[in-house]
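# A structural walkthrough
The lines below spell out each chain.
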Amino acid sequence: MDGGRRAAAGGADSSPVAAPPHPAAPRNTPADVSSFIHTPFYCEENIYMLCKELTRIGVADPMGSDLYVVFISNEEKKIPLWHQKASNSDEGFICWDYHVICIQVKRNKGEILDLVWDLDSDLPFPSPFNQYVSDAIRPLAFGDSIYRRLFRVVHAPLFLQSFASDRSHMKNPAGNWIQLPPNYDPIMAAGGTANNLNEYIAMSVEDVANLESMVNDVYSNKHGVVVNEAILTRFFSQLPCLHP
C-alpha cells in the first residue's frame, strides 16, 4: 500500500452491498499466515517474499509457474476492498491506493481450485478464489464509479526476476520514513534495476486488451497484463494449470 496511505477506512465510502458473514477457516491449510514475512504497508514486498517461500516449502511449483502476482489499483488510486485487517470497520472495509495479492492456479480433474494468498486479509489463508472475489473484492459493488478496480496480473517467475523497489515511495519530502521498511535489503531486479514499483501500480482501463491475447501475453510481458473486474474470473479460468 503506497506510502502507507489509504483513501478511506470504515464507513466513509461503504458499499451498498451488505457484507456476508465471515466464513470459517479450513482446518487444513498448506501454511499458517504467521510463518510468512509480513511488513505492514509493504504488500508488494510481502507478496514477493511469499512467492519465494511457497516455492521453497513445496506448496507451489519450484519455479513458481502456478503463481500469479496481482496488483490491484485504478486511475484514481482508490480501490475498495473488504476483509482487510487494517480496517476499523466490522466488515473489514478499506480503500487503499493499491494492494497486492498472489493467486495460485490449481486444477484437479478439470475442477478449478484456484487459491488467493492475501497476507492482509482476515479471510481463510489461503482463500478459495471464488470466495475471495465474492467477499473481499465484491465485483461491481461500485458500478461504473471511480472505484472500479483494475488488476495487473504478472506471472510469478517473471515478477521474481523483474521487480525492484528502493522503497523511496515510503519516504516523505524530508527523507524520513512514512512507514518503517522491512529489515532485509531492498529488492533489486535480476538486471540490476533498483526501482520499478510504479510501473506495476500504474494502470488504466485503456490497458485492458482482449481476453485471448492477455491469456497468452501474461507469460511473456514482464509487467503482466491488466484485467478489469468484468473478466477477472474468466481470465483465471482460462489459464492453464502449469503445476500438477
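The sections below set out a description of the structure shown in this document. Being a predicted model, the structure only gives us computed values, none of them experimental.

The next thing to look at is the overall build of the protein. Helix and strand content of the protein: six helices and 11 strands. Considering the protein as a whole, with its 244 residues, one finds that 51% of them fall into the buried category. The contacts in the protein between residues at least 6 apart in sequence include a share of 70% that link residues at least 24 apart. Total accessible area computed for the protein in this model is approximately 11,100 Å², and 50% of it derives from carbon and sulfur atoms.

A contiguous patch of negative charge on the surface is contributed by Glu-75, Glu-76, Glu-206 and Asp-207. With respect to the secondary-structure elements, Glu-206 resides in the loop between helix 4 (197-201) and helix 5 (211-217). With relative accessibility at 74%, the residue Glu-206 sits in the exposed group.

Let's shift gears to unusual backbone geometry. In this structure, Pro-126 follows Phe-125 across a cis peptide bond, with omega equal to -5 degrees. Phi at His-83 takes a positive value of approximately 60 degrees, unusual for a residue other than glycine. Within the chain, Arg-167 stands out as a residue other than glycine whose phi angle is a positive 65 degrees. Residue position: Arg-167 is located in the loop between helix 3 (156-162) and helix 4. Here Arg-167 falls in the buried class, since its relative accessible area comes to 4%.

Turning to the sheet that holds strand 11 (residues 225-228), a few remarks are in order. Strand order in this open sheet of six strands is 9-8-5-2-10-11, and the pairing throughout is antiparallel. The open sheet terminates on both sides in strands that have one partner only, identified here as strand 9 (127-128) and strand 11.

Let's shift gears to the pairing of strand 2 (residues 67-73). Most of strand 2 sits out of view: seven of its seven residues are buried. Along strand 2, one buried face is formed by Leu-67, Val-69, Phe-71 and Ser-73 and the opposite face, lined by Tyr-68, Val-70 and Ile-72, is buried too. Inspection of the sheet shows strand 2 paired to strand 5 (residues 99-104) by six bridges, in the antiparallel sense. Bridge assignment links Ile-72 to a residue of strand 5, and that residue is His-99. Relative to strand 10 (residues 150-155), strand 2 runs antiparallel, the two being bridged by six bridges. Across the sheet, residue Val-70 finds its bridge partner in strand 10, namely Val-153.

Looking at where Glu-229 falls in the secondary structure, it is placed in the loop between strand 11 and helix 6 (232-237). For Glu-229, a relative accessible area of 11% corresponds to the buried category. When residues no more than four places from it in sequence are discounted, the contact partners of Glu-229 are Pro-139, Leu-140, Tyr-147, Arg-148, Arg-149 and Phe-151.

Scoring rules and cut-offs
Residues numbered from 1 in each chain as written. Predicted model: local features only at pLDDT ≥ 70, side-chain atom pairs only at ≥ 80, totals over all residues. Heavy atoms only, no water. Helix = DSSP H or I, 4+ residues; strand = E, 2+ residues; numbered from the N terminus. Buried < 20%, exposed > 50% of the residue type's maximum accessible area, 1.4 Å probe, protein only. Contact = heavy atoms within 4.5 Å. Areas by Shrake-Rupley, 256 points an atom, 1.4 Å probe, with all protein chains shown as cover. Patch = residues over 30% accessible without salt bridge, like charges linked within 9 Å, V, L, I, M, F, W, Y side chains within 5 Å. Salt bridge = Lys/Arg side-chain N within 4 Å of Asp/Glu carboxyl O. Lys, Arg positive; Asp, Glu negative; His and termini not counted. Charge placed at Lys NZ, Arg CZ, Asp CG, Glu CD. Pairing = 2+ DSSP bridges.

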